[in-house]
Amino acid sequence: MARLATLLLDIAGTTCALPRAEIREILPLPRLHAPPTAGGPLAGFLNLAGEPVPVIDLAALFELRPAGGGDRASLDDPYRHVLLARQGGIAFLVDRALDLVQVESESLRPVESARSLNGCVVGEFARGDRLVHLLSLDRILTLEERSRLNALTRQATARLARFEPDGARAL
């Protein structure tokens, strides 16, 4: 009997899940740099060892809450988490990483890609009396969104580079 390790997430009151294998690290919400050119679901950039990593607010992206969290206090919520993707320099902001659970493969139902934006919901499973959507990090952003995010990341990298006196990067 095969099992899939999944991380349960709270995204603006909606429980979703991600395969554990797609996540490199879970961090408490750090202070993010939000350049004036950033907007929409881009919560800001995380400085990870001198490299800017864009952080996408999943609640804003999925239009479950206004961009920016609705108010400044929500960005200072100590229980919010940032999930670093295993592949690529991107991170995702969620309200909480709830639990790591094993899902039996026979209880996981596939979802047609046309039923969600960019096919980001790849499956669903029952947990208690709720249906939990299994997301794919590779499908959360469209190609156009990734292109724009890459351009903003290059701008943030160039900005940091201007402050490097001898190649050592720091914020």
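Structure's up top.
Each value, and the rule that gives it
- Residues numbered from 1 in each chain as written.
- Predicted model: local features only at pLDDT ≥ 70, side-chain atom pairs only at ≥ 80, totals over all residues.
- Heavy atoms only, no water.
- Buried < 20%, exposed > 50% of the residue type's maximum accessible area, 1.4 Å probe, protein only.
- Helix = DSSP H or I, 4+ residues; strand = E, 2+ residues; numbered from the N terminus.
- Pairing = 2+ DSSP bridges.
- Contact = heavy atoms within 4.5 Å.
- Axes fitted to C-alpha atoms, helices over the stretch in contact; angles between N-to-C directions.
- Core = buried A, V, L, I, M, F, W, Y, C linked by side-chain atoms within 4.5 Å.

Caption draft 1: Broad picture of the pairing of strand S7 (residues 91–94). Both faces of S7 are covered, namely the face carrying Ala91 and Leu93 and the face carrying Phe92 and Val94. Sheet topology note: the strand S5 (residues 51–57)/S7 ladder contains three bridges and is parallel. Residue pairing across strands places Ile56 opposite Phe92, the latter belonging to S7. Here strand S6 (residues 81–85) pairs with S7 via four bridges, running antiparallel. The residue bridging Leu84 from the neighbouring strand is Ala91, located in S7. The turn linking S6 back onto S7 is made up of five residues, and Gly88 within it adopts a positive phi angle of 85 degrees.

Caption draft 2: Seen up close, the side chain of Ser136. Mapped onto the elements of the fold, Ser136 is located in the loop between strand S11 (130–135) and helix H3 (137–140). When its relative accessible area of 9% is taken as the criterion, Ser136 is described as buried. The residues touching Ser136, leaving out its near neighbours within four places in the chain, are Leu18, Glu22, Cys120 and Val122.

Caption draft 3: Structural view of the pairing of strand S4 (residues 42–48). Of all seven residues that make up S4, five are buried, and the element is covered over most of its length. Two strands pair when backbone bridges link them, and S4 and S5 are joined in this way by six bridges, in the antiparallel orientation. In the sheet register, Asn47 faces S5, and the bridge partner there is Pro52. What sits between S4 and S5 in their antiparallel hairpin is a turn of two residues, with Ala49 showing a positive phi close to 55 degrees.

Caption draft 4: Examining the sheet that holds strand S3 (residues 23–28) more closely. Across the sheet, which stays open at both edges, the five strands sit in the order S3-S6-S7-S5-S4 with mixed pairing between neighbours. For this open sheet the edge positions go to S3 and S4, each flanked by a neighbour on one side alone. Mean inter-strand twist for the sheet, computed between neighbouring axes without regard to direction, equals 30 degrees. Sheet strands in contact with helix H4 (residues 143–161) are S4 and S5, and its direction is about 140 degrees off that of S5.

Caption draft 5: Seen up close, the environment of Gly123. Counting through the fold element by element, Gly123 comes out in strand S10 (residues 121–127). For Gly123, a relative accessible area of 0% gives the class buried. Separated by 13 residues in the primary sequence, Gly123 and Pro110 have C-alpha atoms spaced 4.2 Å apart. If we ignore the near neighbours within four places in the chain, the residues touching Gly123 are Leu108, Arg109, Pro110, Val111, Val132, His133 and Leu134.

Caption draft 6: The nonpolar core, seen in detail. Residues Ile11, Ile56, Phe92 and Ile140 are the most contacted members of the largest nonpolar core, which totals 26 residues. Contacts of Ile140, omitting those with residues within four sequence positions, involve Leu58, Leu61, Phe62, Phe92, Cys120, Leu135 and Glu145. Judged by nonpolar contacts, the second largest core, of eleven residues, contains Leu32, Leu46, Leu84 and Ala91.

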